[in-house]
Structures are given as structure tokens and as C-alpha cells.
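Here is how the chains run, residue by residue.
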Amino acid sequence: MSGFVSLVGAGPGDPELLTVLGRRRLLEADVIVYDRLVNPSLFMMSSADKVDVGKMPNHHKFSQYKINELLVELATQGKRVVRLKAGDPYVFGRGGEEAQYLCAHHIDYEVVPGITSAIAGLAAAGIPITHRDMASSFHIITGHRKANGRQLDWANVAQQEGTLVFLMGMKQLPVIVDELVKNGRPADSAVAIIQWATRWQQRTVTGNLSNIVEIANQAQIGAPALIVVGEVVKLRDELNVRLPLSGKHILIPYKVNSKLSELLKDQGASVDYFERSTKQPLPFDIPDLDKPETLVIEDAEAFKVFLDVLLAHNIDSRRLNKWRLLVTNTVAQSRIRQLGIITDGLIVRNQLPKADAIIVIGEANQLAREKFAENETQIVTYKRVPVTHEIDLNDFHGVVFPSSLAVQDLFAGISDEAKKQLVTLPCLAMGRHVLKQCQQNGMQKVQLTSAEPEEIIAKLKGVLDDESNSVIDR
Ligand code: SAH
């Protein structure tokens, strides 16, 4: 069977600026071959194998030939391959060459367009690429000097009325500026440089052809960046949108997108997740359901697994009508209510009723940690297995923990080195239990919050503003 290669445009960097088809292809993929500029947050949700061809362990880049060969090899093995490229696959970045190579090797392929940084990157900094009064065309130009030495037609480029956008131009910035002026572009023409457009690191500097080199040097702005020359740059003062959490990178312990992350993104934040622990169901004996019992539920998840196993035996929750259901916390109480079952009351874990025999249901590690009453039988329905992460916590400004389990999961999944970074990050804990868990794990800057969106945003803004000593000009 022959595989298939999708050349997918990842967009400029913000993971939400991916096409619907691109997202589907990522979910269907067996393997994703991606570049250095592609934001890894884009494919966190995909279980495909991932190959970073932007760098190798010994820091040598994959040659273009090797990338081409790899695509052919993977497709020949029958795999669905996503070749994920920054922006649009056919705007520089050698997408055309990859397609030609696939074509020559009779590999089926498609192109899934992406939003190019050359247009959207300007918009993200408040610069429309065209404007009726200022630019009736735009020109996207590579600033990279080609190996074959072919030079740009500078006289032609400099004389264009429209907006000039140079990609891959930062190393050549002095040459670009020089050539444009030499060829007749006025020295006071407005210029903007936008680095890491649409990502939390986005930074912009503006000036004109005579001073931009110095301004860029001073601001230490480098690749990847877009160099924009034209009147439209002046619109930035009026059109740049700043949101309360713009430029902030927040870690939220959810595997999938959540309401909370959408809320933060709408306030301008970039949000990343880490994978929570996975649930491994464990075998257990179904107790005699006709005998009246007291069931103490520690953890709603454990009870859910219990119900799933009953269902698999064709038994539904009505068969529990002789049982008294007690919970040890209100979170479990409300989750179980969502399953359509109203529990009979709350109970303190170490004050279990002495007289009757009781059954305690929970997760393996949690039950093993606790002390038990003599009259207690345990049903362990599942075990949480921590997922390990390689996240660079230096890249984050703050963390929001929605549950104590989220705190436990994150600490269980990272290295000791990462823990040292983590404990110094400002964080919000949603509820007192979570706050306690954060403190027990050594988090130094914890703030309590409710689950109210307004409160979360206000508090997050507060803790992050206290922290930041540099103002980033987006
Ligand atoms: N196919 C890509 C461009 C690939 S060439 C696209 O359509 O956007 C790589 C160059 O693109 C970089 O050197 C830089 O000039 C530009 N670039 C890509 N993403 C960028 C971003 N988020 N911010 C600024 N420049 C970016």
C-alpha cells in the first residue's frame, strides 16, 4: 500500500491560525515531519510520531535532500505523512521543491494552504499590507542571498509603489536598506521589523530606512522576522491592538482545549498545555449489589470506572438503590451529580462510620496513601500513570492550576531541574485544596482564585504585571 503526503501550512505561529483541513490532517497523520519555525503546540493533540527536521541531536540540519528522501521513504512504508511547514507551504521554505520530488517519485500528495506570515504577520502588528491611500500592491521578497549568487533586481524592487515585505532578511538587513536607498527609495521611508509574529514572543520595532539598522541592533531583534517597507507601517500607531494578557505565555494543565484557555486567549495570552496523567483501569470483583452497603467515594473518576464496568456487565446505576453513597469531597459530589446520581452525603475520610461494614472506592495510589478503618473493604478501579514532559518552563510567565490533581500530575511528570524553575513561577490556584497542594509542592508565588473568569483574568494580570520588568512592544 502506498502512503500519502500532505504538505500542510502551519500558519504564522498562533496554533489557532491553522486551517480546518490542516487540523484534520494532523489528527489523521501517522507521522508529522516539521520545521524549526513551526510551533509545537500545534500538534500536541496528535498522537502521530513527530520528526523535527529543523535540528538533529548533533545540531546539524537535515539537508533538503534528506528531507525529500525521508518523505518518500515514509510514504513508501504506507504512512500518512504530514509535512508541516511554517506559514504557507509554497511561500519560500522550499515547499515547491518537496512537491516536485514527491511527484518525480510517484508519491501521492496534496497541498493544504496556510496563512502566510508575510501577510498575517503584518496584521498582527497593526499593519495592513495594502491600503487604498498608501499601497495598491505588495511584494514578498526573499532577503536570503541565493547560493547560486543570483541577485535581486534592486532597481525594480526599490521603485515599486507598494509595500515591500522581506522574509529571511535579518542577516542582510544593512544590504537591503542600502540597496533600496541607492536605487531611489527615500531614506525616510517607514520600516517595521516584526519578530515572532502571532506568538507570545512577538516584538516589533519601527523606524525608517536610515535608522532601522541601528534601532534593530539596539533592540536586539533578530530572525525569524519580517521586514516591512512602506507607508502602511505608519498605520500601526492607530491599528495595533493590545489586550490585557498580550505577550503572556501561560501553562494550563489540561490535555485538551478548555473554556479557561479560550478565555485567556481572548485576552491576548498564548496558552500551552501539558499532558495530564493517563488512566489505567484495573480489574476488580463486582460486589454483591443486592446486599445493602455503604459506599464511600473518594474520587468521581474511580466511581465512573466502576459504573462503566457494571454497564459492561449489563447492569445500570438503578441496581445501586439499596446502597448509601457517601463522598469525601464536594468536587466528587458535583461530578457524580453530573452523571445523574445524587449522593447521600459528605463524610470526612478519617471519620468513617465504625459500626457497619463499608466499601471505599478510589484510585490505586490515593487509596494506598491513606489510612483505613478496620471495617473497610477497598475497590481500586484504576491507576493514574504520570506522563513525562519535556517543557522548558523558562518559556512561561505563569501557571493556572484548576485542581490539586493537576498540580500532582505536573510535578510527577517533570525533571528535578524543571521543578526548580516551576516553583518560582507565579501561579493561580482555583480553590483552597489546590492552593494547599501548590504550597506542599513548594510553589513560592501562589494566589487563590475562584473559578470566576473575571477574577482569574484580573488576578493573573496582577501577578504577571508584578513580575514583568521588561516592556515588550508588540
Ligand atoms: N512559508 C513561510 C515562510 C518560510 S521562509 C510563510 O509563508 O510564512 C522563513 C521566513 O519566514 C523567516 O525567516 C521569517 O522571515 C518568516 N517568518 C515565518 N514565520 C514568521 C513569524 N511568525 N514571524 C516573523 N517572521 C516569520
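Every value quoted in this text rests on a predicted model; they were computed, and no experiment measured them.

1. With respect to the domain arrangement of the protein chain
Okay, step 1: Considered domain by domain, the protein chain is made up of domain 1 (4-115), domain 2 (119-239), domain 3 (249-277 + 388-465) and domain 4 (279-385).
Okay, step 2: Using only C-alpha atoms to locate each centre, domain 1 and domain 2 end up separated by 28 Å.
Okay, step 3: At the boundary of domain 1 with domain 2, total buried surface from both sides reaches about 780 Å², with 73% on carbon and sulfur atoms.
Okay, step 4: Scanning the region where domain 1 abuts domain 2 turns up zero salt bridges.
Okay, step 5: Remark: the boundary between domain 1 and domain 2 carries three residue pairs in polar contact (both at pLDDT 80 or more).
Okay, step 6: Each residue belonging to the side of domain 1 that touches domain 2 can be placed in one class, and the counts come to seven nonpolar, two polar and one charged.

2. As for the site of the ligand
Okay, step 1: Taken together, 17 residues lie around the ligand, and Pro-12, Val-91, Thr-116, Ser-117 and Ala-225 are the ones closest in.
Okay, step 2: Within the backbone of Pro-12, one N or O atom sits 2.8 Å away from a nitrogen atom of the ligand.
Okay, step 3: One of the side-chain N or O atoms of Ser-117 is found 2.7 Å from an oxygen atom in the ligand.
Okay, step 4: Calculation on the ligand without its partners gives an accessible area of 540 Å², and the protein chains cover 92% of this total.
Okay, step 5: Residues belonging to the shell around the ligand are distributed by class as follows: 13 nonpolar, three polar and one charged.
Okay, step 6: Taken together, domain 1 (4-115) and domain 2 (119-239) each give at least three residues to the shell around the ligand, which thus spans both.

3. With respect to the packing of helix H6 (residues 173-182) against helix H7 (residues 212-219)
Any two packed helices are characterised by the angle at which their axes cross and by the distance between the axes.
Okay, step 1: Running from N to C, H6 and H7 point in directions that differ by 165°, and their axes come no closer than 10 Å. Relative to H7, the element H6 is oriented roughly antiparallel. As for the relative orientation of H6 and H7, their crossing is right-handed in sense. For the pair H6 and H7, the contacting residues are Leu-173, Pro-174 and Val-177 in the first and Ile-212, Val-213 and Ala-216 in the second.
Okay, step 2: In terms of residue class, the contact of H6 with H7 is built from six nonpolar, no polar and no charged.

4. A few points about helix H3 (residues 95-104)
Okay, step 1: Every buried residue belonging to H3 is among Gly-95, Glu-98, Ala-99, Tyr-101 and Leu-102, and all of these are buried. Looking straight down H3, one finds its buried side chains confined to an arc of 160°; they lie on one side. Away from its buried face, by an angle of more than 90 degrees, H3 presents the exposed residues Gln-100 and Ala-104.
Okay, step 2: Buried-residue contacts for H3 involve strand E1 (4-9), helix H2 (64-76), strand E4 (80-85) and strand E5 (109-112).
Okay, step 3: Backbone geometry just downstream of H3 places His-106 in the positive-phi region, at approximately 55°.

5. Some points on the side chain of Gln-366
Okay, step 1: The residue Gln-366 is located in helix H12 (residues 364-369) in this model.
Okay, step 2: Once residues lying within four places of it in the same chain are set aside, the contact partners of Gln-366 are Glu-298 and Asp-299.

6. Describing the packing of helix H13 (residues 404-413) against helix H15 (residues 432-440)
Okay, step 1: Look at H13 against H15: their axes get within 8 Å of each other, and the N-to-C directions meet at 25°. Viewed along their axes, H13 and H15 adopt a mutual orientation that is roughly parallel. Packed against H13, whose contacting residues are Ser-404, Val-407 and Gln-408, the element H15 presents His-433, Val-434, Gln-437 and Cys-438 at the interface.

7. Topic: the packing of aromatic side chains
Okay, step 1: Under the criterion given, the structure shown has six aromatic pairs.
Okay, step 2: When the ring of Phe-284 is compared with that of Phe-306, the centres are 5.7 Å apart and the planes differ by 25°; the resulting orientation is stacked. Residue Phe-284 is found in the loop between strand E13 (278-281) and strand E14 (294-297), and its partner Phe-306 is found in helix H10 (residues 300-312); the two are separated by 22 residues along the sequence. Considered together, Phe-284 and Phe-306 belong to a single accessibility category, that of buried residues.
Okay, step 3: Aromatic ring contacts, followed pair by pair, group Phe-284, Phe-303, Phe-306 and Trp-323 into a single cluster.

8. Notes on the sheet that holds strand E10 (residues 225-229)
Okay, step 1: In space, the five strands of this open sheet follow the order E6-E7-E10-E8-E9, with mixed pairing throughout. Only two strands of the sheet have a single neighbouring strand rather than two, namely strand E6 (138-142) and strand E9 (203-208). The average undirected angle you get between the axes of adjacent strands in this sheet is 20°.

9. Quick word on the sheet that holds strand E12 (residues 270-273)
Okay, step 1: The strand order E12-E11-E19-E20-E21 describes an open sheet built from five strands, whose pairing is parallel. Both edges of this open sheet fall to E12 and strand E21 (445-449), since each of them pairs with a single strand only. The average angle at which neighbouring strand axes cross in this sheet is 25°, direction not considered.
Okay, step 2: Looking at chain direction, strand E19 (residues 398-401) and strand E20 (residues 426-430) are connected through three bridges and run parallel. Considered in E20, the bridge of Phe-401 is made with Ala-429.
Okay, step 3: In the packing of helix H9 (residues 259-266) onto the sheet, the strands contacted are strand E11 (249-252), E12, E19 and E20, and the crossing angle to E12 comes to about 155°.

10. Describing the pattern of salt bridges
Okay, step 1: Counted under the stated rule, the structure contains 23 salt bridges.
Okay, step 2: For the salt bridge of Asp-290 with Lys-322, the shortest nitrogen-to-oxygen distance reads 3.9 Å. Placement of Asp-290 in the loop between E13 and E14 and of Lys-322 in the loop between H10 and strand E15 (324-327) is noted, with a sequence separation of 32 residues between them.
Okay, step 3: Lys-322 sits in the partly exposed class, given a relative accessible area of 43%.
Okay, step 4: What you see here is one network of salt bridges that share partners, running through Arg-24, Arg-25, Glu-28 and Glu-110.

11. Side note on unusual backbone geometry
Okay, step 1: In the segment running from Ala-223 into Pro-224, the intervening peptide bond is cis, with an omega of -5°.
Okay, step 2: Tracing the backbone shows Pro-224 in the loop between H7 and E10.
Okay, step 3: One non-glycine residue, Met-168, lies in the positive phi region at around 50°.
Okay, step 4: Counting through the fold element by element, Met-168 comes out in the loop between strand E7 (163-167) and H6.

Procedures and definitions
- Residues numbered from 1 in each chain as written.
- Predicted model: local features only at pLDDT ≥ 70, side-chain atom pairs only at ≥ 80, totals over all residues.
- Heavy atoms only, no water.
- Domains from an automatic or database assignment.
- Buried area = accessible area lost by both parts, 1.4 Å probe.
- Salt bridge = Lys/Arg side-chain N within 4 Å of Asp/Glu carboxyl O.
- Polar contact = N/O pair within 3.5 Å; in protein donor to acceptor, adjacent residues only side chain to side chain.
- Nonpolar A, V, L, I, M, F, W, Y, C, P; charged D, E, K, R; others polar.
- Near = heavy atom within 4 Å.
- Areas by Shrake-Rupley, 256 points an atom, 1.4 Å probe, with all protein chains shown as cover.
- Axes fitted to C-alpha atoms, helices over the stretch in contact; angles between N-to-C directions.
- Helix = DSSP H or I, 4+ residues; strand = E, 2+ residues; numbered from the N terminus.
- Parallel < 35°, antiparallel > 145°, perpendicular 65-115°, else oblique.
- Left-handed = near helix turned anticlockwise from the far one by under 90°.
- Contact = heavy atoms within 4.5 Å.
- Buried < 20%, exposed > 50% of the residue type's maximum accessible area, 1.4 Å probe, protein only.
- Arc of directions from axis to C-beta.
- Phe/Tyr/Trp six-rings, centres within 6.5 Å; stacked < 30°, edge-to-face > 60°.
- Pairing = 2+ DSSP bridges.

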